[in-house]
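Spelled out from the first residue to the last, the chains are:
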Amino acid sequence: MRIAVYPGSFDPVTLAHLDIARRATRIFDRVIMAVFDRPQKNLLFTTEERLDLLREATVSMTGVEVMAYQILTVDFARSVGACALVRGLRTVSDFEAEYQMAQINQALDDSIEVVLLAAGRHYGHVSSSAVREMAALGREPVNFAPPHVLAALREKFTRGG
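The rules behind these values
Think of each chain on its own: its residues are numbered from 1, step by step along the sequence as written. Reporting of local features is limited, given that this is a predicted model, to residues whose pLDDT is at least 70; pairs of side-chain atoms are given and counted only at 80 or more, and all residues count toward the totals for whole chains, interfaces and linings. Hydrogens and water molecules were not included; the side-chain quantities draw on all heavy atoms of the structure. UniProt positions are given in the numbering used here, feature names are shortened, and annotations may be inferred rather than shown by experiment. Each helix corresponds to a stretch of at least 4 residues labelled H or I by DSSP, and each strand to a stretch of at least 2 residues labelled E; elements are numbered beginning at the N terminus. Multiplying 1.5 Å by the helix residue count minus one yields the expected span of that helix. Type-normalised accessible area, obtained with a 1.4 Å probe on protein chains alone, sets the label of each residue: buried when under 20%, exposed when over 50%, and partly exposed for intermediate values. Directions from the helix axis toward the C-beta atoms define the arc. Note on contacts: a residue pair qualifies if any of its non-hydrogen atoms lie within 4.5 Å across the two residues. Centres within 6.5 Å are what make two rings of Phe, Tyr or Trp a pair, Trp counting through its six-membered ring; a difference in plane orientation under 30 degrees is then read as stacked, over 60 as edge-to-face, and the rest as tilted. Pairs of N or O atoms are called polar contacts if they sit within 3.5 Å, as long as, within protein, a hydrogen donor faces a hydrogen acceptor (for residues adjacent in sequence, only side-chain-to-side-chain pairs).

- In the nomenclature of an unreviewed UniProt entry, the protein is known as Phosphopantetheine adenylyltransferase of Oscillochloris trichoides DG-6.
- Per UniProt, the protein carries the Cofactor (unreviewed entry) text "Mg(2+)".
- Under Catalytic activity (unreviewed entry), UniProt gives the following word-for-word description of the protein: "(R)-4'-phosphopantetheine + ATP + H(+) = 3'-dephospho-CoA + diphosphate".

Shown next as C-alpha cells:
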C-alpha cells in the first residue's frame, strides 16, 4: 500500500486543500491529512477543532484519513509507513519554500519522497489566511471553504474567537 502524508496546519481547511488531497488519492492508496499540532504561527482554531473540520470535510473522500502529530513531519511520515509527503503549490514563492523544505526532509530521510502538486486552476488564489481574513472582515468566503467551515468561521468571529 502506497501511503502519503499531506501535512499542514489547515487553519481552516479550504477547497484548495481538499482538491490537493483528492488528486493525491489518484497517486497513493492512502493519504493522511496530518494536522500539525504546534505550528509556529497564530492559529484561529484549536487542534481539535481543525481535526473536526477536516474530518467532516473528508468524510466522503475514499482513501483519505485525518490525524494530528507533534513531531518532525518526516518522522511522522516514517511512523505511519508513508513513502511520500504531498504538498500543494500556488505560487513561485510556495515553490521556493517547499523546495527548501524538501531538501531538509531529504537530508533527514531520503527514503521519503516529496510530491509537489500544482494548485488546481480554480484554487491557485485560495489560502487559509485569505479565508480567515475575509471572514474576520465580515465576508463569507463561500467559494473558498466548505459550508461547515463557513459556519465555524462565522461562530468564531461572532463570539470573538
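## A short note on helix α2 (residues 47-58)
And step 1. With twelve residues, α2 ought to run about 16 Å at 1.5 Å a step, and its terminal C-alpha atoms sit 16 Å apart, in line with that.
And step 2. Among the residues of α2, Thr47, Arg50, Leu51, Leu53, Leu54, Ala57 and Thr58 are the ones counted as buried. Mapping the buried residues of α2 onto a view down its axis gives an arc of 165°, with all of them on the same face.
And step 3. In this structure, the buried side of α2 is in contact with α1 (15-24), β2 (30-36), β3 (64-69) and α6 (147-158).

## Section: the packing of aromatic side chains
Both the distance between ring centres and the angle between the ring planes are used here to describe each pair of aromatic rings.
And step 1. Using the criterion set out here, one finds four aromatic pairs in the structure.
And step 2. For the ring pair Tyr69 and Phe76, a centre distance of 4.8 Å and an interplane angle of 20° mean the geometry is stacked.
And step 3. The class of Tyr69 is buried, set by a relative accessible area of 5%.
And step 4. Ring pairs connect the aromatic residues Phe36, Tyr69 and Phe76, which therefore count as one cluster.

## Notes on the environment of Lys156
And step 1. Its place among the elements puts Lys156 in helix α6.
And step 2. Residue Lys156 is classed as buried on the basis of its relative accessible area, which comes to 5%.
And step 3. In sequence terms Lys156 and Ala136 are 20 residues apart; their C-alpha atoms lie 8.8 Å from each other.
And step 4. For Lys156, the side chain forms a polar contact with the side chain of Glu49, separated by 3.1 Å.

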